[in-house]
Amino acid sequence: MSKRFDRFIAALAGVQLSDRACNQYSSIEDDLRGNAIRRRNLRRYLEMLDSIGPDTMLVGEAPSYRGGRLTGIPFTSEQVMLQIPGTGYRKATPGPERSTEASATMVWAIIRKMNPLPLLWNAFPFHPFQRGNPRSNRLPSMSELLIGQDFIRMLMRLFDFPRIVAIGNRASLSLSHMNIAHERVRHPSQGGKQKFVDGMARLSQLTSSEDPMPRKSQIQEIKEGRSVRERTYSGRNQPAGPKAPLPTKNAVKLSTVPSSAKEKYRGGRD
């Protein structure tokens, strides 16, 4: 097993949080067996992404109690986890029932069409909940986003992504606070499914267009003190520059996202 991600996972496992958040990777909490499986799942996921060389990191807000809180992999329910590429993923909870999570299902319906697969992460990599109710979700606070920024920086050093995309306002806020140039798309929860699909389709069009000038990676631009200024077009933040080209044959098809009643938001914000 590769040791490339040892320091990263050990750093996650060592974070101590308030009574309003859960560290699903903790090596300190009583649930050592389940957390050990989640750390192993995350390692397998990172190793899989490392083998294909992702060019994009999608940064969400925080894991949900039905998604990354149980699996250890961002934007991934137990049902989705056992269907994603790679081997060795294990269910960390007892019993045969598998958790499902609407945002996880929607996100994977889109990204499994992307080549290469993007890396999924969260601005706050731990599960925030309402005090006294671990089976709830809430937005991460600013102090929690600050905790998550160290892990975003570590991933950027490990992978050197040319493109960073924020899923949701909290993720965009954290990346902006770090002076990291990024795209932004709507979070799919709370009725945001179609806007999320539209935003990802726009990004797919930009990625598939031919660019005669090679782009420098995100980390190179940061080292040189450069960042892409953002402007607002039609109420959305977009990087300054030419408008997106017309759809191409490689653009994400909107019909790939399930729309059945089972996919409706159930409170998750993975």
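Refer to the structure presented above.
Just so you know, these numbers come straight off a predicted model, no measurement behind them.

## Remarks on the packing of helix H6 (residues 142–159) against helix H7 (residues 169–177)
Okay, so step 1: At a minimum axis separation of 10 Å, H6 and H7 run at an interaxial angle of 65°. Our pair here, H6 against H7, has a crossing hand that is right-handed. Contacts from Met142, Leu145, Leu146, Gln149 and Ile152 in H6 reach Arg170, Leu173, Ser174, Leu175 and His177 in H7.
Okay, so step 2: Partitioning the contact of H6 with H7 into residue classes produces six nonpolar, three polar and one charged.

## Describing unusual backbone geometry
Okay, so step 1: Cis geometry is adopted by the peptide bond preceding Pro116, which originates at Asn115 and carries an omega value of 0°.
Okay, so step 2: Within the secondary structure layout, Pro116 lies in the loop between helix H5 (102–111) and strand E3 (119–122).
Okay, so step 3: Positioned with a positive phi, Phe75 is a non-glycine residue whose angle comes to about 55°.
Okay, so step 4: Inspection of the secondary structure assignment puts Phe75 in the loop between helix H3 (68–71) and helix H4 (78–81).
Okay, so step 5: For Asn179, which is not a glycine, the phi torsion comes out positive at approximately 60°.
Okay, so step 6: A residue is classified by how much of its surface remains accessible, and Asn179, at 58% relative accessible area, is exposed.

## Comments concerning H7
Okay, so step 1: Along H7, the positions that sit buried rather than exposed are Ala171, Ser172, Ser174 and Leu175. The arc that holds the buried residues of H7, viewed along the axis, is 160°, so those residues lie on one side.
Okay, so step 2: Tucked into the core, H7 has its buried residues touching strand E2 (56–60), H6, strand E5 (163–167) and strand E6 (183–185).
Okay, so step 3: Where H7 terminates, the next one or two residues include Asn179, which has phi positive at roughly 60°.

The rules behind these values
- Residues numbered from 1 in each chain as written.
- Predicted model: local features only at pLDDT ≥ 70, side-chain atom pairs only at ≥ 80, totals over all residues.
- Heavy atoms only, no water.
- Axes fitted to C-alpha atoms, helices over the stretch in contact; angles between N-to-C directions.
- Helix = DSSP H or I, 4+ residues; strand = E, 2+ residues; numbered from the N terminus.
- Left-handed = near helix turned anticlockwise from the far one by under 90°.
- Contact = heavy atoms within 4.5 Å.
- Nonpolar A, V, L, I, M, F, W, Y, C, P; charged D, E, K, R; others polar.
- Buried < 20%, exposed > 50% of the residue type's maximum accessible area, 1.4 Å probe, protein only.
- Arc of directions from axis to C-beta.

The quantities given are spatial measurements derived from coordinates; they are silent on function.
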